[in-house]
Amino acid sequence: MLKNGIIAFAKEIDRISAEKQGLEYEIYATWGDSFQVKVISGEIDNYSVHDFIGISLRVKTDGKMGYASTTSYDVGGAEELIEKAIENARVIESPDEQFIYHGDKEYPTPKTVDSSLASVSASEKIELAKQMEKYALEYDEKIIRTMGSYVISQNSSRMIKNSSGLDVSEDFGFIAAYVIPIAKIGDDMNSGFAYTAGFNIDSLDIKSAAEESANEAIRFCGAGSCEGGSLKTIIEARAVCDLLSTFSGIFSSECTQKGLSLLVNKEGEKIASECVTITDEPTADFSFGSRGFDDEGVASRKITVIENGVLKSLLYNLKTANKAGCESTASASKASYSSAVAISFSNFCLKAGTLTRDELMEKAENGIMLTSLEGLHAGANAATGDFSLSAQGILIKNGKPDRAVTGITVSGNVYDLLKNIEAVGCDVYANPFGDVISCPSILLSEPMPIAAEGE
Amino acid sequence: MIDKRICEKIIARVLASGADYAEIYAEDKRSDTVSVISGNVENALTARNIGAGIRAIKGTNSVYAYGNDISEKGLSAVADKVCDAVGGIGKSGLDIVLTPTVFPVICPVQVPPCDVSAKRRAEYLKLGCDAAKSYSDEIKQVTGSLAVSDKNVLVANSDGVYGEDRRAYVRIAISAIASNGRENQNGRFSPGTCGGFEYFDTIDPVEGGRFAARQAVTMLHAGKCPAGKMSVIMGGGFGGVIFHEACGHSLEATSVAKGNSVFCGKMGEKIANEKVTAYDDGTMTGQWGSIAMSDEGEKSTKILLIENGILKNYMIDKLGSIRMGMPSTGSGRRQDYSYAPTSRMTNTYIAAGADKEEDIFASVDNGLYAAHMGGGSVNPVTGEFNFSVQEGYLIKNGKIAEPVRGATLIGKGAEVLMNIDMVSDNMTLAQGMCGSSSGSIPTNVGQPTIRISNILVGGDVNA
């Protein structure tokens, strides 16, 4: 129903723009529905369902692009939307050439929907959340309760139609479950988190995820600090994902062209150690970042960003590629339907190595394995690459895990860190939420400065 | 926005499913943003966002559904989803009578911000960006944005409320990057308010642009901050982010009702140094975090949170009130209709004390002056927090010495409150966006200049 409304709205936009001497335009629309349930102590604490719709219009007039968006597909609003977008286009001064894309001959069609998901009932999802909480509570008596056990699912569609004849759309559907158990030991309390996600209900492993989150809550409950100093460091896969996704903007040509990344003119140069290979992989089947086309309608393809330490390509959209004299890497992306086109990874992959986490620890001998980094939105500066973050970790003694430590702070610079990766593990963690990213654990060659309160 | 009779019908329909409480929240929002980069207007966007959410509470549990169609038909479809989840569609026949509720205007609008042309908004922003760029040759990039929005909010609920609130917001943000080719440092200026475009008559964009540029250049020439425990003096305004993150969130009903806050069951007890008195005040005239009506249709209030170190109250929404058995403080807020409301902050600050700023500096032999803070985050269970220092200086022998960068403040909320042992007499507020389970909302943080006697500073262990 929403789709029909959007198509009718698009027709009206097309009719009005034809009257305006062939105004160039693009309609970008998203719509869908979502479900979320939160269970605490076996009861539904919160239950939420919704439909959503968003239509964004871009128009190009005198070479400048203006935007206007709406949540209503009432055709009566089409004229005003166009007028607003034109008013906005008229104040643009940026000399960059803008594009309404004519489309590609062929588009990849990665599988992003499993039809069985649509038939999963609300009560099945509620049951799943209850069961997941039970697994977490049963894992250990130190788990006293949870802050919630969640199941979320979403079906969404994305469509781009424009005055150059482009007309593409695709659907996406996923389900995910996570639980936040609280462990209590003496007076100390601590929470844990782990998730399971997939494209159908059978791909969820709620037991493993519940146990992993319970284990994390217990492991760091009442953990002390350690002596500060420079320590040989492993960063565990999940923390690598958090760290690198925070800094993924440094690979955007938009950032280099604006002087916001230090990778300006570094293509072809060695910017990381040999063992670092980073790719963007938008075309894999049943992968969270997959898409057949980017947010300007350019056909997706795999991009090698860093190969064995050498910067092969930054990420480009049509505007920045034109400026740099190269092709778009199909990396155009909008933060939401109403945002301006920017650039991001669709599925950031740091290539895995061969060493297991135990082998990485043996190699490190003595030091620390950082398991989580907090405060990334505050303590990490994308423009400078500097970070200073509170962290949790496990001390490594004679190549074996020793005790858990918390209340420590690590600092460094991401550009330096890329050069100091001595080895990558074979243990890949994939984060499907927000910026989709998958990374293995890494061992750093240079000791990392760690500030701590002392034991 | 929605006729009273339609609201009455919808609320009756939801109550008939067995709910104890039913509520409609609807909004119609316009927003306009212009952004400038490298001295040119780069983007100009306009958005219209209309939608409504319906919530039911039964016992201590809640059901929420929303959609973009606020016609009677659209609302009925959303209501049916809520009813399904609560207990099915029961017999109607309940007679709901809503009373139009008028809330005071606390954030008046003289110049509706979305009526101001894109051209005029862009010109104002460029004044600030140009001033930042011309401040120094070391300023390599300046980005700026000017965002204005104007929304009407309607709340109707089974308590009989049928009220509306207008909320216009205006904010400018200028970010300057200083670079020497190897390293970048940034500086920022980002004031705003809840009100009309006339706010910008009181803000000099040129001065603001220079402020951001000066901060970036200062930090480019700064050495690395040493790490370790030390005395820290925090400046006023955005320095209040420490209280917001490390204490404010733990005083929200969301955190307290479930027993997850370190301040649970501490009412009437000493949780902070006796120098600390703190408020959350949504009723301040023309302030960024102010709301006349809460997003649950209640009147916003001024809440005394801590008085001379003693915990006096929490920030409580309707559901929190049911769960805690305490009266609501009118603290229910949400980003928009796509979120169910929960207990949130408004303008949250440590009140002015009796100490003089010069005495506070004179009292520190060796320490850090956090003149301007960046953002931060906190683990609500453990109270552990992390804040970045945007602009910091060493303090030597009671005097502000050289600038240092890369500093973060790390600690536990409950501990740092005890260690705030000097509080000056000059409180100022600063604007921020606070993210939580009901989305991102405008909040003010604030404090006078304060001294924290012993806190872990994350920096460079070799510096």
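Note that the structure is a prediction, hence the values are computed from the model and not measured.

Rules used throughout
Residues numbered from 1 in each chain as written. Chains lettered and ligands numbered in written order. Predicted model: local features only at pLDDT ≥ 70, side-chain atom pairs only at ≥ 80, totals over all residues. Contact = placed C-beta atoms within 7 Å. Nonpolar A, V, L, I, M, F, W, Y, C, P; charged D, E, K, R; others polar. Pairing = 2+ DSSP bridges. Helix = DSSP H or I, 4+ residues; strand = E, 2+ residues; numbered from the N terminus. Domains from an automatic or database assignment.

So, the interface of chain A and chain B
No. 1: Taken together, the contact pairs 59 residues of chain A with 63 residues of chain B.
No. 2: For the side of chain A that touches chain B, the class distribution of residues is 22 nonpolar, 27 polar and ten charged.
No. 3: As judged from the four bridges shared by strand β3 (residues 64-70) of chain A and strand β2 (residues 40-58) of chain B, these two strands associate in the parallel manner. Within β2 of chain B, the position partnered with A68 of chain A by the bridge is T46 of chain B.

Here we look at the pairing of strand β17 (residues 366-378) of chain B
All names here are of chain B.
No. 1: Relative to β17, strand β10 (residues 228-234) runs parallel, the two sharing four bridges. By the bridge assignment for β17, I233 is matched with Y369.
No. 2: Pairing of β17 with strand β18 (residues 384-396) involves ten bridges; the strand directions are antiparallel. Looking across to β18, one finds that Y369 is bridged to Y393.

Digging into the sheet that holds strand β11 (residues 278-281) of chain B
Residues and elements named next belong to chain B.
No. 1: Here six strands make up an open sheet; going across it, the order is β13-β12-β11-β16-β23-β22 and the pairing mixed. Bordering the open sheet on either side are β13 (310-311) and β22 (428-436), each of which pairs with just one other strand.
No. 2: Here β11 pairs with strand β12 (residues 302-307) via four bridges, running antiparallel. Along β12, the bridge assignment pairs A278 with I306.

What to know about the domain arrangement of chain B
Residues and elements named next belong to chain B.
No. 1: With domains assigned, chain B is organised as domain 1 (4-221) and domain 2 (224-458).
No. 2: Taken residue by residue, the interface counts 38 residues in domain 1 and 27 residues in domain 2.
No. 3: Those elements that provide at least two residues to the side of domain 1 that touches domain 2 are β1 (21-37), β2, β3 (61-67), β5 (139-157), β6 (161-179), β7 (184-189), β8 (192-194) and α4 (205-220).
No. 4: Among the elements that make up the side of domain 1 that touches domain 2, the one with the highest residue count is β2 (six residues).
No. 5: Counted by class, the side of domain 1 that touches domain 2 contains 17 nonpolar, 15 polar and six charged residues.

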